[in-house]
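For reference, the chains in residue letters:
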Amino acid sequence: MTATRWLLVAAAGAALISGVLFQLVRQSPGPMIAGIFAGVTIGLLFAAVLCWQLPHACDSAPPQLRKRYSREMMVAMGGYAVLLFTSIWLLKYVDTTGLRAVIALLPVPPIALMLRAMIRYIRDADELQQRIELQAVSFATAFVSLLYLSGGLLQTARVLDVPAGAAMIWVFPLVCLGYGLAKIVVARRYR
């Protein structure tokens, strides 16, 4: 796992450097592009931390299951990245509401494929691994629900003003982040 961890750190560094170079080349890249580079960098660094904290998190899963899961996730993530950039680019040139809705939803099918890969992995893992995954997902969902509810209450009280689109788009990434953190804690209980 050491090679994987360092590969993720190197990829995060490359994403960060690419983002900085992109910003230097284009004087005003826009907050969306800067956010994407920042998100990729943070995501890769978080993946490296997970590899460090959970070196054998999938130990109980058979090698074929791990390979299938990795393959399905990589294909889905690649499709997501391509369709996200395509969607962002196309939305600049389309004015029709119906077509804009279809274009905006282009990245959703790869996310559905990622969820399918996760569900298949959990379904086919042994009971201990299923228990770890279920607890991690439950804790993450409860945490993000509490966070989202608190934000909604603060927004209702006019203490906080977050655009609805920004709040909605962060629910899934926060659940994934919470899941990774919760899995570190839960997996330690069963070592």
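The structure we're discussing is the one just above.
Quick look at the structure, then. This is a predicted model, so every value here is computed, not measured.

What counts and what doesn't
Residues numbered from 1 in each chain as written. Predicted model: local features only at pLDDT ≥ 70, side-chain atom pairs only at ≥ 80, totals over all residues. Heavy atoms only, no water. Core = buried A, V, L, I, M, F, W, Y, C linked by side-chain atoms within 4.5 Å. Buried < 20%, exposed > 50% of the residue type's maximum accessible area, 1.4 Å probe, protein only. Helix = DSSP H or I, 4+ residues; strand = E, 2+ residues; numbered from the N terminus. Contact = heavy atoms within 4.5 Å. Expected span 1.5 Å × (residues − 1). Patch = residues over 30% accessible without salt bridge, like charges linked within 9 Å, V, L, I, M, F, W, Y side chains within 5 Å. Areas by Shrake-Rupley, 256 points an atom, 1.4 Å probe, with all protein chains shown as cover. Salt bridge = Lys/Arg side-chain N within 4 Å of Asp/Glu carboxyl O. Phe/Tyr/Trp six-rings, centres within 6.5 Å; stacked < 30°, edge-to-face > 60°.

### Comments concerning the nonpolar core
Core analysis: the biggest nonpolar cluster contains five residues, these being Met 73, Ala 76, Ile 111, Met 114 and Ala 117. Counting residues per element, the ones that place at least two in this core are helix H3 (63-91) and helix H5 (108-124). The dominant element in this core, judged by the number of residues it contributes, is H5, at three residues. For Ala 76, the residues in contact, after removing those within four places along its chain, are Pro 110, Leu 113 and Met 114.

### Side note on H5
Along its 17 residues, H5 runs 24 Å from first to last C-alpha, staying within 8% of the 24 Å computed at 1.5 Å per residue. By the burial criterion, the buried members of H5 are Pro 110, Ile 111, Met 114, Ala 117, Arg 120 and Tyr 121. Close packing links the buried residues of H5 with H3, helix H6 (127-156) and helix H8 (171-189).

### Points about a nonpolar patch on the surface
A contiguous nonpolar surface patch, about 260 Å² in accessible area, is contributed by Leu 154, Val 159 and Leu 160. In this fold, Leu 160 is placed in the loop between H6 and helix H7 (164-169).

### So, the pattern of salt bridges
A side chain of one charge can pair with a side chain of the opposite charge when the charged atoms of the two come close. Evaluated as defined, the whole model comprises four salt bridges. The residue Arg 68 makes a salt bridge to Asp 124 at a minimum N-O spacing of 2.8 Å. Residue Arg 68 is located in helix H3, and its partner Asp 124 is located in helix H5; the two are separated by 56 residues in the primary sequence. Owing to a relative accessible area of 17%, Arg 68 belongs among the buried residues under this scheme. Put simply, Lys 183 and Glu 133 hold a salt bridge, and the shortest N to O gap is 2.8 Å. With a gap of 50 residues between them, Lys 183 in helix H8 and Glu 133 in helix H6 connect regions that are remote in the sequence. Classification of Lys 183 by relative accessible area gives buried; the value is 9%. Bridged by salt links that share partners, the residues Arg 68, Arg 123 and Asp 124 form one connected network.

### Here's the deal with the packing of aromatic side chains
A complete count under the given rule lists two aromatic pairs for this structure. Taking 4.9 Å as the distance between ring centres and 40° as the angle between the ring planes, the aromatic pair formed by Tyr 69 and Tyr 121 counts as tilted. Taken together, the residues Tyr 69 in helix H3 and Tyr 121 in helix H5 connect sequence positions 52 residues apart. For Tyr 69, a relative accessible area of 22% translates into the label partly exposed. Look at Trp 89 and Tyr 93: their rings are 5.3 Å apart centre to centre, the planes differ by 65°, and that puts the pair in the edge-to-face class. For Tyr 93, a relative accessible area of 57% translates into the label exposed.

Note that all results are geometric; they support no functional claim without further evidence.
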